[in-house]
Amino acid sequence: MEEEIEFLEEWLSLEKYHFKILTMITVLADNKRAFRGKLSDLCHSLSIQNSSVNIAKIKTTLVSLAEDNYINTIIDKDIYTISLTKVAEKSKNVIKIKRAWYQLIRETQSTAAWESVLKVFLVLIELPQGKDKTVTYEEIGNTINCSKSTVERAVKTICSIDFKDFKFQKETVKERLKNGSYRTIGTIYKQGIYFE
């Protein structure tokens, strides 16, 4: 099993089902970067109920992803072989994370959906370190097509996860207004690295 999982930056702005399916193909893929199995297996991996509504949604999403040249799909009776296209594999805008980090994100209880937590994590992991760049929940939300409140819940989850080798730390940046009160202008995220 590979130690790292690769995500394309352009996946972050895709709709929920599109991102989830591309993630599952990547995570479940063998070295040939392909998923092979029934759609019920994909439902299980997506943590959704194996229902006719969800199967129909998956089929529609697979067609859309194929039309957008993200995946190739081969159907043999009820067995699907889904692979990333060569175009997707050759993308230069790749975010790599450890498979163990992905597992921690999937297993951690959160008030935000796992795919939202993962998207926010992928944005935060790519922020330049060493510079105190202020980022707002709204800016992250615009990048990944999520609401400000979803991003806030995802950040809270991410900051609570013990990744073993690093931890996200957030520092809220406020400015003082003329009337003496304060308003939040954004957050600085730092990756604290642990050495053994």
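Located above this text is the structure these notes cover.
Residues numbered from 1 in each chain as written. Predicted model: local features only at pLDDT ≥ 70, side-chain atom pairs only at ≥ 80, totals over all residues. Heavy atoms only, no water.

Novice: Explain the overall build of the protein chain to me, please; I cannot follow it from the model alone.
Specialist: For the protein chain, the helix and strand inventory stands at eight helices and seven strands. Of all intrachain contacts in the protein chain linking residues separated by at least 6 positions in sequence, the fraction that spans at least 24 positions is 62%. Approximately 11400 Å² of the protein chain is accessible, and the part contributed by carbon and sulfur atoms is 48%. (Helix = DSSP H or I, 4+ residues; strand = E, 2+ residues; numbered from the N terminus. Contact = heavy atoms within 4.5 Å. Areas by Shrake-Rupley, 256 points an atom, 1.4 Å probe, with all protein chains shown as cover.)

Novice: Sorry, what's going on with the pattern of salt bridges here?
Specialist: Tallied over the entire structure, the rule returns four salt bridges. Ionic pairing is found between Lys20 and Glu115, a salt bridge with its closest N-O pair at 3.8 Å. In this pair, Lys20 sits in helix α1 (residues 16–28) while Glu115 sits in helix α6 (residues 114–125), placing the two residues 95 residues apart along the sequence. Glu115 shares its class with Lys20; the two are buried. The shortest N-O distance in the salt bridge between Lys164 and Asp162 comes to 3.5 Å. For Lys164, a relative accessible area of 60% corresponds to the exposed category. (Salt bridge = Lys/Arg side-chain N within 4 Å of Asp/Glu carboxyl O. Buried < 20%, exposed > 50% of the residue type's maximum accessible area, 1.4 Å probe, protein only.)

Novice: Please clarify how the packing of α1 against α6 should be interpreted in this entry.
Specialist: One way to put it is that α1 packs onto α6 with a least axis distance of 10 Å and a crossing angle of 75 degrees. Classified by the angle their axes make, α1 and α6 are roughly perpendicular. For the pair formed by α1 and α6, the contact residues are Lys16, Phe19, Lys20, Thr23 and Met24 on the first element and Trp114, Glu115, Leu118, Lys119 and Leu122 on the second. A class-by-class count of the residues in the contact of α1 with α6 yields five nonpolar, one polar and four charged. (Axes fitted to C-alpha atoms, helices over the stretch in contact; angles between N-to-C directions. Parallel < 35°, antiparallel > 145°, perpendicular 65-115°, else oblique. Nonpolar A, V, L, I, M, F, W, Y, C, P; charged D, E, K, R; others polar.)

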